[in-house]
Structures are given as C-alpha cells and as structure tokens.
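For reference, the chains in residue letters:
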Amino acid sequence: MRGFTLIELMIVISIIGIIASIAVPRFRIFQAKARQAEAKTNLAHIYTLQQGYFGDNDTFAPMAAIGQSDCGNQENELGFQLDNCDKARYTYSIPTASDVAFQAQAQSGAGAQNRVLRNCAAETWQIDQDKRLTVTSDVTKTC
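One structure accompanies this document, and this report is about it. (Residues numbered from 1 in each chain as written. Predicted model: local features only at pLDDT ≥ 70, side-chain atom pairs only at ≥ 80, totals over all residues. Heavy atoms only, no water.)

A closer look at the overall build of the chain
Argument step 1. When helices and strands are tallied, the chain shows 2 helices and 5 strands.
Argument step 2. Taken from N to C terminus, the helices and strands of the chain fall in the order α-β-β-β-β-β-α.
Argument step 3. Going through the 143 residues of the chain one by one, you find that 34% of them count as buried.
Argument step 4. Here the contacts in the chain between residues at least 6 apart in sequence split such that 50% fall between residues at least 24 apart. (Helix = DSSP H or I, 4+ residues; strand = E, 2+ residues; numbered from the N terminus. Buried < 20%, exposed > 50% of the residue type's maximum accessible area, 1.4 Å probe, protein only. Contact = heavy atoms within 4.5 Å.)

This is the structure in structure tokens:
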C-alpha cells in the first residue's frame, strides 16, 4: 500500500498557502467594488428622482443625510428612502440644490467604521444634474 510522504504533503500545503496569500487581497478588492455598487445604484436613483422633481417643480430638491446607523428624518421631498439603514455602507445627502443644479453625494465611513474596505480612507461618490459620477478617493485603488 502506497501513500504520500510527509514532504509531499508539506509541499502541497505550502503551495495552497501561497495561492491563498495571493487570493485574499484580491478578494477584498472584489468585495469593495461590489459594495461601491450600492453607492452608484442609489445615486443613479437619486438622479432619476431629481429629474422627476425638477419636471414638476422647476427646481431641484435638497435632502438631509440618510444612511448607515443614522437614518435621520427619512421624509424628504424626493421620496428617497433606505429600507434598512443599519446595513447601508454610505450616507446619502444632497447638500446643494438650486433651480439649475444639484450635487448628491454618498459618503462612506472612515477608519474602523468604514464598511467598504476596513481601515481605509473614507470615500465620497458624487452625481450632479448632468449625471456625472465622480469619486474623491476610490478605496479599491488607494488602499
């Protein structure tokens, strides 16, 4: 009866360890990109709500911060709401809105509270009336 030698088993285990050490950081980046999709999707929804609001009122609406553990007052003129604020990874707001422009933003937490990529800098995604989507610091590239 033949079996594997101890050296063969140790070589296989070390190869698995090397592959795992390469795969884990890539998996974190993949997770962060999936989490960023939340911000992009919700900002696109806010953009659509703003266009509808503008069509009815000839102005854009401001919105107080909603998200993460602080839902704040979810009643707003746009009708934007989050189903479960405890699971939100971003806080959404529209700090500036006028008759001709608006800028909505989704801001992640910083440091240990960051739910996008732990212990990385905060990032802020923004969308405006022309549907330009920008980010201040993309954690998938800077962390």
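Re the pattern of salt bridges
Argument step 1. All told, the structure shown has 3 salt bridges when counted by the stated rule.
Argument step 2. A salt bridge links Glu38 to Arg89, with the nearest nitrogen and oxygen atoms 3.8 Å apart. Of this pair, Glu38 sits in helix 1 (residues 6-57) while Arg89 sits in the loop between strand 1 (63-67) and strand 2 (90-97), and the two are 51 residues apart along the sequence.
Argument step 3. Arg89 sits in the partly exposed class, given a relative accessible area of 27%.
Argument step 4. Between Asp130 and Arg132 there is a salt bridge, with the nearest N and O atoms lying 3.3 Å from each other.
Argument step 5. A relative accessible area of 47% places Asp130 in the partly exposed class.
Argument step 6. In this structure, a network of salt bridges that share partners links the residues Asp128, Asp130 and Arg132. (Salt bridge = Lys/Arg side-chain N within 4 Å of Asp/Glu carboxyl O.)

Regarding the sheet that holds strand 3 (residues 102-108)
Argument step 1. Spatial strand order, 1-2-3-4-5: 5 strands in an open sheet with antiparallel pairing. The open sheet has two edge strands, strand 1 and strand 5 (133-135), and neither has a second partner. Across the sheet, the mean angle separating the axes of adjacent strands is 20° when strand polarity is ignored.
Argument step 2. As defined by bridge partners, strand 2 adjoins strand 3 across 6 bridges and the pair is classed as antiparallel. Looking across to strand 3, one finds that Tyr92 is bridged to Ala106.
Argument step 3. Sitting on the sheet, helix 1 touches strand 1, strand 2, strand 3, strand 4 (124-128) and strand 5, and the angle it makes with strand 2 is about 35°. (Pairing = 2+ DSSP bridges. Axes fitted to C-alpha atoms, helices over the stretch in contact; angles between N-to-C directions.)

Considerations on the side chain of Asn42
Argument step 1. Residue position: Asn42 is located in helix 1.
Argument step 2. A polar contact is formed between the side chain of Asn42 and the side chain of Tyr92, at a distance of 2.9 Å. (Polar contact = N/O pair within 3.5 Å; in protein donor to acceptor, adjacent residues only side chain to side chain.)

As for a nonpolar patch on the surface
Argument step 1. Residues Ile7, Ile11, Ile15 and Ile19 make up a contiguous nonpolar surface patch of about 400 Å² in total accessible area.
Argument step 2. Take Ile7: it is sitting in helix 1. (Patch = residues over 30% accessible without salt bridge, like charges linked within 9 Å, V, L, I, M, F, W, Y side chains within 5 Å. Areas by Shrake-Rupley, 256 points an atom, 1.4 Å probe, with all protein chains shown as cover.)

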